[in-house]
Amino acid sequence: MARKPLTQMFPFLLPLRRMQRKLFFYAGMRFDHNTYARTQLNQRLPYEGFFTDSLLINDHSGHDIEYQYNKVFNLKLAAACIDKLVIRPGETFSFYQAIRHADKNTPFKDGLNVEFGKIVGSYGGGLCQLSSLLYWLFLHTPMTVVERHGHGIESFPTTTEELPAGTDATISEGWLDLKVRNDSPSTWQILLSFDEEYMYGAICCEHPIEEEFEIYNGPILYYRKDNHKWQKAEVRRRRRNLSRNVITDDRMLYENVCEIGYDLPETYFACEDKSPKPQSNQSTRSNVQEVI
């Protein structure tokens, strides 16, 4: 049996542990020789590479709806630090470097987070919805993903069948970040906005878009282990040169493994391959799954 973390046995130590982790987290970035993207331009770059949206309120979380409204508040506070941010050639985007001071003047509210395998209300909860949206945008660019972490457990069924499994990105300040490096010769820009129902994201470029990216699942396997349900999904990416209309690359990016925290039909465990057909990328609009 795995030993419980010290902070789980003695919860009063958790604030001190978080302070320690954050100190080393940001000190590490200060001395890692990366140049982090920090500039927010007022003007929008001219060429849009991809556009997506994400439903804000999850009515089926099983928790007080107030947490959903708090999450939206947190998302808007963090998004203000990222909207119109440019990532120049050679620069690295870090989610936490970008939003580090988002709550300096206005504090975050308590939203839902997963801590020690349980869904709880905690300060700044719900920001994984923004990191997942950003990761989905980045997958549709030639930028290099440096750090990404999938959720250990999928607590609720997906809100859309359009999004491939295993394309979320969880974050935890001091522990887990989302980072991409711009190894391309062009500057890219993140655009974020909101209406009453959705959060919107776009990734734009200073030069005409030369490639189209299609993200899709290969085989998806559902299995049981130690009385838990698991999903293993192959995430693939296909690149197409737009001027020549030819596929230049089609490869597996990674296998994503996560626990399934909701009921599934027995038929899911009857066969190994439950993969959907590859999706068309003719429309650069797709929904991002809300995890919590």
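As shown above, the structure is provided for reference.
Small disclaimer: the values here were computed from a predicted structure and weren't measured.

Chemist: In this structure, what is going on with the environment of methionine 19? I would like to understand it.
Modeler: Tracing the backbone shows methionine 19 in helix H2 (residues 14-30). Here methionine 19 falls in the exposed class, since its relative accessible area comes to 58%. On a C-alpha basis, the gap between methionine 19 and glutamate 173 in space is 9.9 Å, while along the polypeptide they are 154 residues apart.

Chemist: Would you explain H2 in this entry?
Modeler: Because each turn of an α-helix spans 3.6 residues, side chains separated by three or four positions in sequence point in the same direction. An ideal rise of 1.5 Å per residue puts 24 Å on 17 residues; H2 measures up with 24 Å between its terminal C-alpha atoms. Those residues of H2 that sit buried are Leu14, Phe25, Tyr26 and Met29. Projected down its long axis, H2 shows its buried positions confined to an angular sector of 90°, all on one face. Across H2 from its buried face, at more than 90 degrees, point the exposed residues Leu16, Met19, Leu23, Phe24 and Arg30.

Chemist: Help me understand the pattern of salt bridges in this model?
Modeler: Side chains that differ in sign of charge can pair as their charged atoms come close. Inspection of the entire model under this criterion finds twelve salt bridges. Ionic pairing is found between glutamate 48 and arginine 44, a salt bridge with its closest N-O pair at 2.5 Å. For aspartate 249, the salt bridge goes to arginine 251, with nearest N and O atoms at 2.8 Å. One connected set of salt bridges, linked through shared partners, spans Glu214, Glu234, Arg236, Arg238 and Asp250.

Criteria and cut-off values
Residues numbered from 1 in each chain as written. Predicted model: local features only at pLDDT ≥ 70, side-chain atom pairs only at ≥ 80, totals over all residues. Heavy atoms only, no water. Helix = DSSP H or I, 4+ residues; strand = E, 2+ residues; numbered from the N terminus. Buried < 20%, exposed > 50% of the residue type's maximum accessible area, 1.4 Å probe, protein only. Expected span 1.5 Å × (residues − 1). Arc of directions from axis to C-beta. Salt bridge = Lys/Arg side-chain N within 4 Å of Asp/Glu carboxyl O.

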